[in-house]
Amino acid sequence: MVYQTLGRSGLSASRIGLGCEYLEGQEYPAIRAVIDAALSQGVNILDVFMSQPQVRSDIGRALEGRRKDVLIQGHFGAIWKDGQYGRSRELGETQRFFEDLLARLQTDYIDVGMLHCVDTDREFDQIFSGGTADYAQKLKRQGTIRALGISTHDPAIGLRAVETGLIDVILFSVNPAYDLLPEGLGSASALFDQTTYQQPLLGMNPVREKFYQACQRENIGITVMKSLAAGALLDAKRSPFGMALTPIQCIHYALDRPAVASVLAGARTPEEILESCRYEQASDGEKDYSQLLASTPQFSLKGKCMYCNHCLPCPARINVAQVNKLLDLAESQPQIPPTVQAHYDELERHGGDCVVCHACESRCPFGVAVAEHMARAAQVFGK
């Protein structure tokens, strides 16, 4: 494993990290197996944004006796309320659930305290004027967090974070689809000429380019989420490039961006994290993504669910990500596979339970028309 300095934090992070979101809902032995496999390969950075109490406790149990071997990204503002994940900008809730994170992880410090999922100017202002940022800075002075970070999917918000002078690390969504298919561009074909991949950042969304360069300039480390675009880049039918990339190519692309220190790979099984770690032994040919990205894009990923569930909480208690995932699976086939229908039927709430409040859409980082998707799911699956 190769380690890189995480910007001005001075922390040394493995180039391949573990995003722990897929551990939620699994039994402890399965969680322990994934973490054991990751650490066996030299992975030393874990992102724990999930607020669900049991997964926090199980990760803490799995790390018992090994806490000093890992860097933990823990988040300010991820809460668990009425049995659901949610985001809060209220200082009291933020503090209570951050203290819960410390207790359940059996630790008295977090390496990178992340201001969680800040994707609008309003949220940014709430955090930096409502006491949360002050609280996080106080914890940093006390040593309860070693570095201050922010997670965002929006490069304009990332730039605002850089400009505060307070942020050490940014958790950001990085993949070629997001970088090279700027929002509002009618045709992306001009981005894919022969010079694009000979000169770094040429043809990139100018706001994202400015963001990467600002992080590089200010020595702010970037940790990466969404490197595979929730698997869309691995499927030729779903990829905007008309052909599939491999996980190794996606990881390499992300690590090629300025200021990027670590790609946090999601994993449900030991085999999945071992496959991501195989990047370190991959050949240059396996890592090369330039030819694949030189093809004309078919569509933008804006409006496509990335299954992150940042749209929650839902007043109807719908697991929006799971409904969308099953809907995507169903619509990719001529007929609904019986297993997909069965998994949908087993959900506690269904698309037809949507009350069309549209609150979820205001929280979605990717502009998904959630209410429309729920109505379509109800039609496709019959409820």
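Here we summarise the structure given alongside this text. (Residues numbered from 1 in each chain as written. Predicted model: local features only at pLDDT ≥ 70, side-chain atom pairs only at ≥ 80, totals over all residues. Heavy atoms only, no water.)

**Let's talk about the side chain of Glu280**
Right, on to step 1. Tracing the chain through its elements places Glu280 in the loop between α10 (270-277) and α11 (284-287).
Right, on to step 2. Residue classification places Glu280 among the buried residues on the basis of a relative accessible area of 17%.
Right, on to step 3. Aside from chain neighbours lying at most four places away, what touches Glu280 is Met1, Val2 and Arg15. (Helix = DSSP H or I, 4+ residues; strand = E, 2+ residues; numbered from the N terminus. Buried < 20%, exposed > 50% of the residue type's maximum accessible area, 1.4 Å probe, protein only. Contact = heavy atoms within 4.5 Å.)

**Quick look at the sheet that holds strand β4 (residues 45-48)**
Right, on to step 1. Ordered by their spatial adjacency, 8 strands build a closed barrel running β3-β4-β5-β8-β9-β10-β11-β12, and the pairing between neighbours is parallel. Put simply, the sheet's adjacent strands are angled 30° from each other on average, direction ignored.
Right, on to step 2. Where strand β9 (residues 145-152) and strand β10 (residues 169-173) come together, 4 bridges link them in parallel fashion. Bridge pairing links Ser151 to Leu171 in β10.
Right, on to step 3. In the packing of helix α8 (residues 206-218) onto the sheet, contacts are made with β10 and β11 (221-225), and the angle to β10 comes to roughly 155°. (Pairing = 2+ DSSP bridges. Axes fitted to C-alpha atoms, helices over the stretch in contact; angles between N-to-C directions.)

**Structural notes on the packing of helix α1 (residues 28-40) against α10**
The angle between the axes and the distance between the axes are what describe a pair of packed helices.
Right, on to step 1. Look at α1 against α10: their axes get within 8 Å of each other, and the N-to-C directions meet at 20°. One element, α1, and the other, α10, form an angle in the roughly parallel class. Note on packing geometry: the crossing formed by α1 with α10 is right-handed. Here Ala33, Val34, Ala37 and Ala38 of α1 come into contact with α10, specifically with Pro270, Ile273 and Leu274.
Right, on to step 2. Within the contact of α1 with α10, the residues separate by chemical class into 7 nonpolar, no polar and no charged. (Parallel < 35°, antiparallel > 145°, perpendicular 65-115°, else oblique. Left-handed = near helix turned anticlockwise from the far one by under 90°. Nonpolar A, V, L, I, M, F, W, Y, C, P; charged D, E, K, R; others polar.)

**Re unusual backbone geometry**
Right, on to step 1. Residue Pro313 is bonded to the preceding Leu312 through a cis peptide linkage, with omega at 10°.
Right, on to step 2. Tracing the sequence through the fold places Pro313 in the loop between α12 (290-293) and α13 (320-331).
Right, on to step 3. Not every positive phi belongs to a glycine, and Val356 is a case in point at roughly 55°.
Right, on to step 4. Of note, Val356 is situated in the loop between α14 (338-346) and α15 (359-363).

**So, the packing of aromatic side chains**
Right, on to step 1. By the definition in use, this model includes 9 aromatic pairs.
Right, on to step 2. Ring geometry for Phe172 against Phe211: centres 4.5 Å apart, planes inclined by 50°, an arrangement best described as tilted. Of the two residues, Phe172 is situated in strand β10 and Phe211 in helix α8; the sequence distance between them amounts to 39 residues.
Right, on to step 3. For the pair Tyr344 and Phe381, a centre-to-centre distance of 4.0 Å together with 15° between the ring planes defines the contact as stacked. Within this pair, whereas Tyr344 is found in helix α14, its partner Phe381 is found in helix α16 (residues 370-381), the two being separated by 37 residues in sequence. There is no split in this pair, since Tyr344 and Phe381 are both buried.
Right, on to step 4. Among the aromatic residues, those joined into a cluster by ring pairs are Phe76, Phe98 and Tyr135.
Right, on to step 5. Positioned above the aromatic ring of Tyr22 is the side chain of Arg268, whose terminal nitrogen or guanidinium carbon lies 4.1 Å from the ring centre. (Phe/Tyr/Trp six-rings, centres within 6.5 Å; stacked < 30°, edge-to-face > 60°. Lys NZ or Arg CZ within 6 Å of the ring centre and 35° of its normal.)

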